[in-house]
Each structure stands twice: as C-alpha cells, then as structure tokens.
Amino acid sequence: MNRIEKRLALLEEAGHKAFITYMTAGLPDIERCAELIRVQEEAGTDILELGIPFSDPVADGPVIQDASFRSIQKGTNLKKVFDMVEKLRTEGCEIPLVFMMYYNTVSFYGLAAFAAKCAAVGIDGLIIPDLPYEEQGNLKKVLDKTSEAPILIQLVAPVSKQRIPMILKNARGFVYCVSSMGVTGQDATFHKDILQYLQKVRSVSTIPVMMGFGIRTAQDIMPMKDVIDGCIVGSHFIQLMEQNQYNTEVIKEYITTFKNEMNGVK
Amino acid sequence: MSESYYGEYGGQFVSESLMNTLHELEEAFHEAVKDPEFMKEYHYYLKEYVGRETPLYLASRISDKYGCKIYLKREDLNHTGAHKINNVIGQILLAKRMGKTKVIAETGAGQHGVATATGAALFNMECTVYMGTEDIERQHLNVMRMEMLGAKVVGVQSGSNTLKDATNEAIRTWAKTAEDTFYIIGSAVGPHPYPMMVKEFQRIISVEAKRQFLEKENRLPDAVIACVGGGSNSIGMFAEFIQDKEVELIGVEAAGMGISSGKHAAAIAAGKAGILHGMRSYLLQDEDGNVKLAHSISAGLDYPGVGPEHAYLNDTKRVKYVSVTDAEAMEALSELCRTEGIIPAIESAHALAYAFKKAKSMRKTQSMVICLSGRGDKDAATIEAYFNGEEYLN
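First, a word on what this report is: a plain description of the structure on this page. (Residues numbered from 1 in each chain as written. Chains lettered and ligands numbered in written order. Predicted model: local features only at pLDDT ≥ 70, side-chain atom pairs only at ≥ 80, totals over all residues. Heavy atoms only, no water.)

Time to look at helix 9 (residues 194-202) of chain B. Counting buried positions along helix 9 of chain B yields eight of nine residues, so the element is predominantly enclosed. Looking only at helix 9 of chain B, the buried set comprises Tyr194, Pro195, Met196, Met197, Val198, Lys199, Phe201 and Gln202 of chain B. (Buried < 20%, exposed > 50% of the residue type's maximum accessible area, 1.4 Å probe, protein only. Helix = DSSP H or I, 4+ residues; strand = E, 2+ residues; numbered from the N terminus.)

Right, dumping it as structure tokens:
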C-alpha cells in the first residue's frame, strides 16, 4: 500500500489530523537535507513534501523562490534528490514523501523514466502546480502503467467551484486545497470565502482534505479545523529552519507543538 | 481541449487557480471576435488612434543596392512606435467588455509596457507593468514614458532580471488578482487562448500588407520576413500568408554573440521542447531542465522561449527559422539609417540583417516584405554604446 494512503488511514483511525511540511530539497545542503527528513520522521511529521528546485517557480512566493534559487546554486538537481531518497529508503526511512515540482522538470527527465525512478526509489506522491487537470493525461497514462507509481495529488483552488467534482473523480491520497489565490506563503491571508469553499470540497471528496498556503501555526487553521483533515506548512517552515540555522531541536519542537495544538492535545 | 494546441505545442500549463479564468477568457474572446460591434470598435481605434493603416514602403535605395524589391511594413509608424499597440487595443477592449478594471502586463523592451500604459490611460484603467531590472536600465526612456502615462512600473529582480522573470512575476500577480485583473500578454506566448488572441489582434499587419502588396505588384511577395522573440509581430506578419504556399516565410531569431557561444536567444535553433509560462514550446534549457538565460542585444528578443505556433510552424516546415547575431543586426540597423533615413528598433534590425543576406541571392524581379516592427528611438543609448565600442548591457 502506498505510504501516504497507509499513514492517512492510521490517522483517520486515531481521529488525528495530518501534519504535512514542505521543504526545498538540497538545503542547507543535500546531506543535511537527508538528516532533516529523518529528524522530521522522528518528530512526527506525517507527510513530507520535497520541493525540487526549478529556475522559474511561478506558483511560489518570495520565500520558496529564494530557497529554490539557493538550492540550484548549490548544485541540487532531480538526480541528486533521487539518490538522496534512495539512500534514505535503504536506511529504513519510511516517512511518506511527495515531490512538489514543476512540470518542465518531469518532462525534461522523460515521463516514463521519471515514473519508473519514483517507483524504484520510493516516492509516494507528486504535486505539480502547473499541471492542471486538463493537462494531466500524458502523465497519468504513464503512472497507470507503472507499478507502485506515486499518486498524482490533485489541487483545488478557492475559485475551482464547478470544477471540483471533475478534479476529485478518481483522485487518490489527499486533496490539496489552496487556501488563497496565487502563490505560496501569504501569511494567513486566506481567501474571503475560505470556509464555504472548504465545505464544498469536503462534501464532494471521498479522500482526506488538506489545506495549504500561508499557514504558520495551528491557530491559523482553528476556524477551519472541522472541515479539514490536516494542513501543509511550507514557506513558514522554511523561514523557521533558516532563522534557527537548521537547529533540529527547534524543528522538532515546532512540529510537536503544531501537532498537539491541532489535535487538541494539552 | 485540442483547440489549445498547435500540434504538440501550446496547452494551458497554469495553476488550478487560473483555469476558470482562462476558460472565461476563451469564451469572451470567441464571442467578441464574432461580434461586429466589438470588431468595429477595435478597427475604429486602430484607424483613428493608432494611425493605421501603416505604409508598405518600397525601400528603393536598399532595393537598388541588393538587386531585388524590398518592401518594409512600417509598424514603426504606429502610435507608441511599434506593432505592440495593435494587440493591446484588442485585449484592453476585451478586458473592458469582461468588466475588468485593472490591467497588468510584462515587458522586455518596454514597447508592450508603453502600449499597455497607453491603452490603460485611454480606457481609464489601473495599470501595473512588470519589467526586469536589467531592462529598466537599458530601456530607461520607455520606463519614463510608462510612468508619464500613469502606469506603475514594478522592477523584477530575480533570475536574469529580464523579460522571462517579468513574465513570472506578472503570472504570480495575475494568479492572485484574476478576479478583477486582466493580464495583457504582449507576445504570442502564454497559455491558451493567449497565443491565439495575440495572433488575431496582430493579424492586421498581414491583412494590410497582403492587400497593399497586391495593389502595388499585382502578385504575392516571394518572401516575408520578421524577427522572432516570443513571436508577436512575426505571427501577425505571417498570418494571412500561411495559406499561400508559394510565399516563403522566414522568422529570424536572435543569435546574440553566436549560437556556439551559448549566449543567444534562439529557442528554435538551439532549444528543445519544454514548459514555461503556461505553454509547451521550444525552450532554452540547461542539463538539469532549468531554463537557461537568453542573451540578445535586443531587449525585445531576449527571451528563452517562443510562441507555440512558431514551434509548430517550424516542425511542419511552413516557416523557416534562422538567426542573426548582435553584430549582424547592428550593421543592418546602421545601413537602414543611412540609406533610407529610418532608425529601426534593434529587434526589427534582426529581420533586416537576414533579409539583406537573402536579397543578394534574389533576382531583380523578386520581392520581399520585411516587418519593420518598431522604431529605434528607445534603443538610442544601446546603439550609441555599441558603436562607441563600449560594452553594451547584457
């Protein structure tokens, strides 16, 4: 069973929400990035999104743009990230891993080769923000033919409206609800109709509903906690790691606190 | 969705947040171009405000020198100094029709930015233009013009600080504000329906040129030549000739310091298929699939991709794509200044440079039409620096 689906099933059983983080792969360098993944697995991050740096990250705000740029400067590329993941998996790391990447990186690698490599090293999901439903056909065909292929995670936006049932048909893993219009990391300025929108997704979705973009603390999501099954923290998490020189204690503390507060554990 | 593709190029590679916006735009565009009132208004502004039609001028001294008939389609004589205004008038009327109150645009050379700022002033809309900081420096005159016209110019400092990065920032802003903001794309690039819209609103160039040429020569030209960055003047210049197989169509890319130097902007000559700015097309990429920085002395051609229809026209061999270097373009620019008294934009000088090369092998009875897409006033500082032997920007 896919690691994402397995983890989400366990959480559902326990009545807990999922805590998902995003980090740009290759920061502060590829070795320490691998270490940070282990630290997060230990601290209880449920699913980890690894951002594959791209030169033109149009779906990202300034924090992830900057992280992406620095990672490329350090020589990070898809091949090195695959190697890192392969090594982690051999060492027994079992945290569900999702690649967040732009479609050009997939297309450049070659769709079939990419799907096969993801399956081989143990990538569980893909989030591709510039690959909307209508353009997913070619990739889906390839993923369907690959055994143990990663799940193509579907994104919905506050303006998706009538598109939601179409997008969610056959969707697997979880649905990624973008909390605001535009790009990642906008400091809890969620869309004005956020609740109605999430309720609409909730009413259609047969899989867990996650909210991402602009979330910093568990308080940010309190007004929506009854309609979501978890959340994704990206830009804020990157800033937190940067500002604390990737101090693992600070990272663990943040994850534990967020999870406890989100799940109402005192 | 097949309408969004030219062969395997094009598509809509944008975030989910923009998909409904694109579908609304598609619908509004198709309705508008079928509405005689809309087209009447578009043509009214092209005539009364832009100053169309533009002349198809037989450049006689150049023609004598090269021994064939060389016609220039004078888009440089449009209001604001380039072909860009044709498309802006079309898109801004569409924005108005859709009830949008704000427009945003990206710009490289600043011509599209100036045209958008102009249209926004004319139709009383709030206008923000995104421009790379390097382009702001080398196209200072156009920055001043945009500001005089009431637009806000936002400097974009990321990546190469040029058109590609300005486009990224415009797309980000659009994704945030699409509910009340219309994104006016200036080149034949971007997600569907933009390449199609830009072609329709630039088609006027070849509609006029074909009619004018038939009136003067009572036949079709042997060759039609235009420069290609993203490809808006060229797609407009080619549009009405694509079906006339006997007319050779030539697109001229910027070879910068030479293709082999790696410092160029020739996406068709040296790129491979990739995805950027909402479209699949030829794209300059490095060994990791990141987008490579383009180089050209011309800010308007300094773009690592190309419009998807051009990629298709290349693969189907209907259009021949060639490239000329910075040096060749500057020589042609200088030649046109001195023999015809016309200072062309450096972008357009790329088309001239190839045309002059080609003309040498043509017969006296043969003829060509070159799209003189813009005037060179904006390039005065770059031209001066170049001919003084100083290191020109980028």
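Further notes follow.
Now for the sheet that holds strand 4 (residues 69-74) of chain B. Residues and elements named next belong to chain B. Here six strands make up an open sheet; going across it, the order is 3-4-14-9-10-13 and the pairing mixed. Only two strands of the sheet have a single partner each, and these edge strands are strand 3 (56-58) and strand 13 (319-325). When strand polarity is set aside, the average angle formed by the axes of neighbouring strands in this sheet is 25°. Of the strand pairs in this sheet, strand 9 (residues 223-227) and strand 10 (residues 248-256) are connected by five bridges, and their pairing is parallel. Bridge pairing in strand 10 places Val224 opposite Leu249. (Pairing = 2+ DSSP bridges. Axes fitted to C-alpha atoms, helices over the stretch in contact; angles between N-to-C directions.)

What follows covers the state of the cysteines. A complete count under the given rule lists zero disulfides over all chains for this structure. Cys93 of chain A supplies the cysteine sulfur nearest to Cys33 of chain A, a cysteine that is in no disulfide, at a spacing of 11 Å. Free cysteine: Cys227 of chain B, not disulfide-bonded; nearest cysteine sulfur from Cys371 of chain B at 7.1 Å. Using a relative accessible area of 2% as the deciding quantity, one classes Cys227 of chain B as buried. (Disulfide = S-S within 2.5 Å.)

For the structure shown, the criterion picks out 46 salt bridges over all chains. We note a salt bridge from Glu217 of chain B to Lys69 of chain B, for which the minimum N-O separation is 3.1 Å. Placement of the pair is Glu217 of chain B in helix 10 (residues 204-217) and Lys69 of chain B in strand 4, with a sequence separation of 148 residues. A relative accessible area of 29% places Lys69 of chain B in the partly exposed class. Via salt bridges that share partners, Arg3, Arg89, Glu94 and Asp124 of chain A belong to a single interconnected network. (Salt bridge = Lys/Arg side-chain N within 4 Å of Asp/Glu carboxyl O.)

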